[in-house]
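Below, each chain spelled out in residue letters.
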Amino acid sequence: MKDLKNKHAFVTGAASGIGLGLAKAFAKAGMNVSLVDLRQKALDEVLPWFSEHGYKAQGIALDVTDREGYVTAADKAEAGLGPIHVLVNNAGVEVPMVPLWQSTYDDVDFITTVNIKGAINGIITIVPRMLKNGEPAHVVTTSSQSGLSVVPGATLYNLTKAAVAAMMETLASDLQGTNVGASVFAPGPVQGNLSKTSYEVRPASLPNQAEVKPREVAPPPPPKPGEEPPKMPDFSKATIPAEDAGDIVVRGIQRGDLYIFTHPEFKSGIQAKFESMARAYPTDQTPDPEREDIFKNYFTFLTSNPIYKTQEQR
Ligand SMILES: NC(=O)c1ccc[n+]([C@@H]2O[C@H](COP(=O)([O-])OP(=O)(O)OC[C@H]3O[C@@H](n4cnc5c(N)ncnc54)[C@H](O)[C@@H]3O)[C@@H](O)[C@H]2O)c1
């Protein structure tokens, strides 16, 4: 989807962090933006930036887990700014980082409902409208590098981000030949407020982060007498500004990228994962010629998805 001018972007989780960065990047690219978020007050605080800069934007309060509410929000968005051309399923939450066997079922339900079902609700509500409208359109869902190469101790978060990555790869396959494209956005660290807002939008019935026993991390050994303590880097340097992430997504949509990544530093970890998988295939057997013929000529869709070939070198 090359031409974004005067097109309508619908961004969830847009009152903060990456979603807000995306909304600003879309506005700068000439789009009209619906900023969608559960937190109305936070929307009210960020909206003036758009009018002050002469951009057309509206705020829409929505809990992405509310299926009926989603339809009403999409109707409201289209009544204000016309047909939706870009959907970004970006709203997300985290839960306390504990090994899975220490997780509560409440946390399981909370994070899977927002991060997976919330994104599904966006697709089921808005993609049929995009197909019907017929104009070039694009869907992005925010996954994470941790959905592709897992972070120890964050099973619930990782699995929701892996789920939406698989969802978008399949969606991109199913949308081939239509007017709608699809991308997985898997950022590395970006300036955002997930560890704060997740506890603001968390149902009151769930335990608070403070009530959850944190993982025990061994403290670094004290310096030996006369030795300088190790100099720690400025960890904030690992994160990129949310507006830069937004610009990266804008470019990814215009190029029709299947994957949109932010940090080149994560490439070797992803490569290591796929190399480990390649090493795991049996080497003591050669492919069975009959089976190979069946897969090659009748069930190619099981063994090799052409969607992966659509990703160009950036
Ligand atoms: N910041 C990072 O480093 C990073 C890295 C990888 C992936 N991500 C993903 O990016 C997305 C945004 O993260 P962020 O860091 O900008 O967080 P953030 O907290 O700054 O923004 C998230 C927004 O989502 C909203 N939200 C939460 N639940 C909602 C619901 N049910 N309905 C509607 N809105 C809801 C919150 O109110 C908040 O405004 C998340 O999906 C997160 O998992 C973030």
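No experiment lies behind these values; they were computed from the predicted model shown. (Residues numbered from 1 in each chain as written. Predicted model: local features only at pLDDT ≥ 70, side-chain atom pairs only at ≥ 80, totals over all residues.)

Q: Outline the pairing of strand β5 (residues 137-142), listing residues and values.
A: The element β5 is extensively covered by neighbouring structure, given that six of its six residues are classed as buried. By the alternation rule, side chains of β5 split into Ala-137, Val-139 and Thr-141 and His-138, Val-140 and Thr-142, which are all buried. Summarising the sheet, strand β4 (residues 86-89) and β5 pair through four bridges and their orientation is parallel. Looking at the pairing, Asn-89 lines up with Thr-141 of β5. Crossover β4 to β5 through helix α5 (residues 105-133) is right-handed. Pairing of β5 with strand β6 (residues 180-186), which is carried by six bridges, proceeds in the parallel orientation. Among the inter-strand pairings, Val-139 is bridged to a residue of β6, identified as Ala-182. (Buried ≥ 20, exposed ≤ 12 C-beta atoms within 10 Å, placed from the backbone. Helix = DSSP H or I, 4+ residues; strand = E, 2+ residues; numbered from the N terminus. Pairing = 2+ DSSP bridges. Right-handed = clockwise from strand over helix to strand, strands pointing away.)

Q: Tell me what's going on with the environment of Ala-186, and back it up with residues and numbers.
A: Along the polypeptide, Ala-186 turns up in strand β6. Along the chain, Ala-186 and Ser-146 lie 40 residues apart, while their C-alpha atoms are 8.2 Å from each other. Those residues within four positions of Ala-186 in sequence are excluded, and the remaining contacts are Ser-143, Ser-144, Gln-145, Gly-147, Leu-148, Ala-165, Tyr-259 and Phe-261. (Contact = placed C-beta atoms within 7 Å.)

Q: Explain the site of the ligand to me, using residue names and the numbers behind them.
A: Taken together, 31 residues lie near the ligand, and Gly-13, Gly-17, Gly-92, Gly-192 and Thr-197 sit nearest. Every element with two or more residues in the shell around the ligand is listed here: α1 (17-28), α5 and α7 (194-200). Looking at the shell around the ligand, the element that brings in the most residues is α1, giving three residues. Within the shell around the ligand, the residues separate by chemical class into 14 nonpolar, 14 polar and three charged. (Near = placed C-beta within 6 Å. Nonpolar A, V, L, I, M, F, W, Y, C, P; charged D, E, K, R; others polar.)

Q: Provide a residue-level description of unusual backbone geometry, including the pertinent values.
A: Backbone geometry at Asn-6 places phi at a positive 65°, although glycine is not the residue there. Along the chain, Asn-6 falls in the segment before β1 (8-12). The exposure class of Asn-6 is exposed, given the 12 C-beta atoms found within 10 Å.

Q: Would you mind going over the packing of helix α4 (residues 67-81) against α5 in detail, with residue names and values included?
A: Two numbers describe how α4 lies on α5: the axes approach to 9 Å, and their chain directions differ by 35°. At the point where α4 passes α5, the crossing takes the right-handed sense. Contacts between α4 and α5 involve Arg-67, Tyr-70, Val-71 and Ala-74 on the former and, on the latter, Asn-121, Gly-122, Thr-125, Ile-126 and Arg-129. (Axes fitted to C-alpha atoms, helices over the stretch in contact; angles between N-to-C directions. Left-handed = near helix turned anticlockwise from the far one by under 90°.)

Q: Let's hear about the environment of Ile-124: which residues, and what values?
A: Looking at the secondary structure, you find Ile-124 in helix α5. You can call Ile-124 partly exposed: it has 13 C-beta atoms within 10 Å. With 166 residues separating them along the chain, Ile-124 and Glu-290 place their C-alpha atoms 40 Å apart.

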